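Working through the structure, step by step
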Amino acid sequence: RGFLQILGRTTLVTLIAAGGGFYYITQLDRHPGAQLPFDPEKKTLVVLGSGWGTTSLLKTLDTTDYNVVVISPKNYFLFTPLLPSVAVGTLNPRSILQPTRYITRHKTRQVSVIEAEATDVDPINKTVTFTDNSEIKGTVSSTTISYDYLVYGVGAEVQTFNIPGVKEHACFMKELSDAEKMQRAFMDCVETAAFPGQDTKEVERLLHTVVVGGGPTGVELSGEIHDFLEDDLKSWYPELAGKVKITLVEALPSVLPMFSKQLIDYTESTFKESKIDILTKTMVKEVKEKSVVLQMPDKSIQEVPCGMVVWAAGNKGRKLTQDLMAKLPQDQTNRRDYMVMKGTNGSIFAIGDCTATSYAPTAQVASQQGAYLARILHQMAKKDNLISRAQQLESMKAQAPAAAAASAEGEVVDTKKKIDEEIQDINRQLGKIKLRPFQYSHQGSLAYIGSDKAIADLPFMNGNFASGGVATFLFWRSAYLSTLFSLRNRTLVATDWMKVKLFGRDVSRE
Ligand code: FAD
Ligand code: NAI
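The rules we used
- Residues numbered from 1 in each chain as written.
- Chains lettered and ligands numbered in written order.
- Predicted model: local features only at pLDDT ≥ 70, side-chain atom pairs only at ≥ 80, totals over all residues.
- Heavy atoms only, no water.
- Near = heavy atom within 4 Å.
- Polar contact = N/O pair within 3.5 Å; in protein donor to acceptor, adjacent residues only side chain to side chain.
- Areas by Shrake-Rupley, 256 points an atom, 1.4 Å probe, with all protein chains shown as cover.
- Helix = DSSP H or I, 4+ residues; strand = E, 2+ residues; numbered from the N terminus.
- Nonpolar A, V, L, I, M, F, W, Y, C, P; charged D, E, K, R; others polar.
- Salt bridge = Lys/Arg side-chain N within 4 Å of Asp/Glu carboxyl O.
- Buried < 20%, exposed > 50% of the residue type's maximum accessible area, 1.4 Å probe, protein only.
- Pairing = 2+ DSSP bridges.
- Axes fitted to C-alpha atoms, helices over the stretch in contact; angles between N-to-C directions.
- Expected span 1.5 Å × (residues − 1).
- Arc of directions from axis to C-beta.
- Contact = heavy atoms within 4.5 Å.
- 1 Å grid on protein atoms, 1.4 Å probe; cavity = no way out; pocket = protein on both sides within 12 Å on 5 of 7 lines; lining within 4 Å.
- Points joined across faces, edges and corners; volume = space filled by probe spheres on them.
- Patch = residues over 30% accessible without salt bridge, like charges linked within 9 Å, V, L, I, M, F, W, Y side chains within 5 Å.

**Section: the site of ligand 2**
By nearness alone, 25 residues border ligand 2, and T217, E250, A251, V284 and L446 come closest of all. E250 is positioned such that a nitrogen or oxygen atom in its side chain is 2.6 Å from an oxygen atom of ligand 2. V284 places a main-chain nitrogen or oxygen 3.0 Å from a nitrogen atom of ligand 2. Burial of ligand 2 by the surrounding chains reaches 79%, relative to a free accessible area of 830 Å². Sorting the residues of the shell around ligand 2 by element identifies α8 (216-236), β15 (283-287) and β23 (445-450) as the ones contributing at least two each. No other element matches the three residues that α8 contributes to the shell around ligand 2. Here the residues of the shell around ligand 2 are counted per class, giving 16 nonpolar, seven polar and two charged.

Have a look at this one:
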């Protein structure tokens, strides 16, 4: 009994201490201290975007080196890997957002965060024009600022290949608003199917979801919709559940071409068990209000009725990026080991999905590029400071007395010699600053495939370790939980997972 009492007390004290520690950390995070003001002597670094690349850059950047201005139409960072979970209500939308100011307010020097869309980059005059596209406007809603360095990280936009009806009738899965829209559309289909008097064919149409694109986005989303159906819809709409159908359409011979063959097979067999139909070598040719037009492997055309189409068929460069490329004389498609855009005299750096490099357009690449660039910018600032100090010393040297003189304390001071020594020291330090090219370190590929299963291709001892199943799903969850950018996000996501386990997903339609 005594032992149990001691154990009980120890547990209580530990819990109180952990709770107190947690509270202390969150309060520190919530109330950042004063920051250094902008320094007119420092160069201006303008950062376009608040996505994976630029947020990783901001986290690593030493803001004492520059006056930093961040411009993005979204005043937050979106953790895209968990976006499909938002689309079915597993996660609350706000759990995977991190306001950009939560990051910048913790930097040593203040960072200006502007919610606006860059509309023009002028690489000759080194200016950026940006516009407030939000609903509420002030007296100024468009302006131009100058930069010394520009970090270009605006990401990509959805590729529709100009296929008729995609923009008008399909949902996308790229932004937070897309996931929210899809959730509403899906529940609308379900509720409309439950409307009395619907004929069987119409119910089947409404409950048929077509996901276009067998890349990781399309596969993860199909898996999430299946979970929603199995875990929740079957309970709340028992009369409809058996009629819900998910079809994944992929133009290539297989889904997930970036994963190893055994994981592709595993995904396909899991989908078969989950009754998710995969149509490979099948291309969507048109999206209509109530159907999709498919070109089948034998080139025949079929029109398939459906209630909702989700378009996850890849991305392309933004117009701003195309405009910028057109202004630059050189071809930008080669690898840029230092992230510098050619023809900009070293003033524009591009990172992430907006670049045309040999790397895959993934969060992993973008975040590593962002962190790398932050280190490069620090080295450049250090180099600039040393060079300007050396120039200052050279001019001091020109004005210094030719011979050694006695100081007020009677000590003999040879100013020129002292200056020369300092210049030599600076040259030594400059020699040590080496800008090393970017090297990507692949940490592996992970994807959720539904039914509490995930797949992982992980680099292992110069080879590859492929695994799939429930254990990989737990690994997937812990990997993403630890990758989330803040304690706040981790807590919110973990709580959402727990809530869904206990109470299920919400089926109300906002
Ligand atoms: P983004 O993160 O897209 O950021 C671009 C930023 O630029 C945004 O803040 C945007 O608002 C801003 N912007 C846009 N236009 C302008 C403008 N005109 N002016 C200023 N700012 C602008 N990758 C993985 O490695 N693993 C995954 O599990 C994974 N899962 C994914 C799941 C989904 C559903 C999606 C859609 C993508 C996923 N990705 C994943 C890919 C990953 O999200 C992208 O590769 C990554 O976001 C690229 O980072 P980025 O910084 O280049 O662009
Ligand atoms: P994607 O480009 O990887 O896949 C799109 C797929 O759509 C392609 O396989 C293409 O063949 C197919 N497609 C295109 N047009 C079509 C049509 N008309 N009909 C039928 N199929 C068509 O795009 P996705 O999945 O959005 O991924 C984008 C990037 O984000 C990739 O680099 C991916 O690796 C990364 N990502 C990674 C994830 C992960 O690691 N878990 C999750 C989601 C995205």
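Continuing now.
**Focus on the pattern of salt bridges**
Taken as a whole and assessed by the stated rule, the structure comprises 17 salt bridges. For the salt bridge of R505 with D231, the shortest nitrogen-to-oxygen distance reads 3.2 Å. Taken together, the positions of R505 in the segment after α15 (487-503) and D231 in helix α8 put the pair 274 residues apart, joining distant regions of the chain. Salt-bridge contacts for D496 lead to K499; the nearest nitrogen and oxygen are separated by 3.6 Å. Separated by three residues within a single helix, D496 and K499 lie in helix α15, roughly one turn from each other. For D496, a relative accessible area of 5% puts it in the buried group. Salt bridges linked by common partners bring D231, D232 and R505 together as one network.

**Points about the sheet that holds strand β20 (residues 348-350)**
Strands sit in the order β5-β2-β1-β9-β20 across an open sheet of five strands; the sheet is parallel. Unpaired on one side and paired on the other, β5 (111-115) and β20 mark the two borders of the sheet. On average, each strand axis in the sheet is inclined to that of its neighbour by 15 degrees, with strand direction left out of account. As paired elements, strand β2 (residues 66-72) and β5 share five bridges and run parallel to each other. Following the sheet pairing, V68 is matched in β5 by V111.

**Some points on the site of ligand 1**
Around ligand 1 there are 30 residues in total, and S50, G53, T80, D353 and Y480 lie nearest to it. Within the backbone of G53, one N or O atom sits 2.8 Å away from an oxygen atom of ligand 1. Here ligand 1 has 990 Å² of accessible area as a free molecule, and 88% of this is covered by the chains. The set of elements that each furnish at least two residues to the shell around ligand 1 consists of α2 (52-60), β2, β6 (117-122) and α12 (363-399). Among the elements that line the shell around ligand 1, the one with the most residues is α12, at three residues.

**Side note on helix α6 (residues 176-193)**
Taking 1.5 Å of rise per residue, 18 residues should cover 26 Å, and α6 covers 26 Å from first to last C-alpha, within 8% of that figure. Looking at α6, one finds that the buried residues are L176, D178, A179, M182, F186, M187, C189, V190 and A193. The arc that holds every buried residue of α6, seen down its axis, measures 165 degrees, which confines them to one face.

**Re α15**
Along its 17 residues, α15 runs 24 Å from first to last C-alpha, staying within 8% of the 24 Å computed at 1.5 Å per residue. Residues N489, V493, D496, W497 and V500 constitute the buried set of α15. Summarising the axial view, the buried residues of α15 lie within an arc of 95 degrees, below the 170-degree limit, and thus occupy one face. Across from the buried face of α15, at angles greater than 90 degrees, the exposed residues are M498, K501, L502 and F503. Contact partners of the buried residues in α15: β4 (97-99) and α14 (470-483). With its phi angle positive at about 80 degrees, G504 sits one or two positions after the end of α15.

**Examining the pairing of strand β17 (residues 301-305)**
For strand β16 (residues 291-295) and β17, the ladder comprises five bridges, and the chain directions are antiparallel. In the strand pairing of β17, L294 is matched with Q302. In sequence, β16 turns back onto β17 through a hairpin of five residues, with K299 there showing a positive phi of about 75 degrees.

**A word on the side chain of T90**
One can find T90 in the loop between α3 (83-87) and β4. At 2.9 Å, the side chain of T90 forms a polar contact with the side chain of R505. Once you skip the residues sitting within four places of it in the chain, T90 turns out to touch S85, E224, D496, W497, V500 and R505.

**Re empty space enclosed by the protein**
Under the definition given, this model contains two cavities of 30 Å³ or more. Considering only enclosed or pocket space, the second largest cavity measures out at about 30 Å³ in volume. Considering the residues around the second largest cavity, the lining is formed by S50, V70, I71, S72, K74, N75, T100, V113, I114 and E115. Partitioning the lining of the second largest cavity into residue classes produces four nonpolar, four polar and two charged.

**What to know about a nonpolar patch on the surface**
Taken together, F22, Y24, I25, L28 and L487 make up a surface patch of nonpolar side chains, about 490 Å² in accessible area. Mapped onto the elements of the fold, Y24 is located in helix α1 (residues 2-30). Owing to a relative accessible area of 54%, Y24 belongs among the exposed residues under this scheme.

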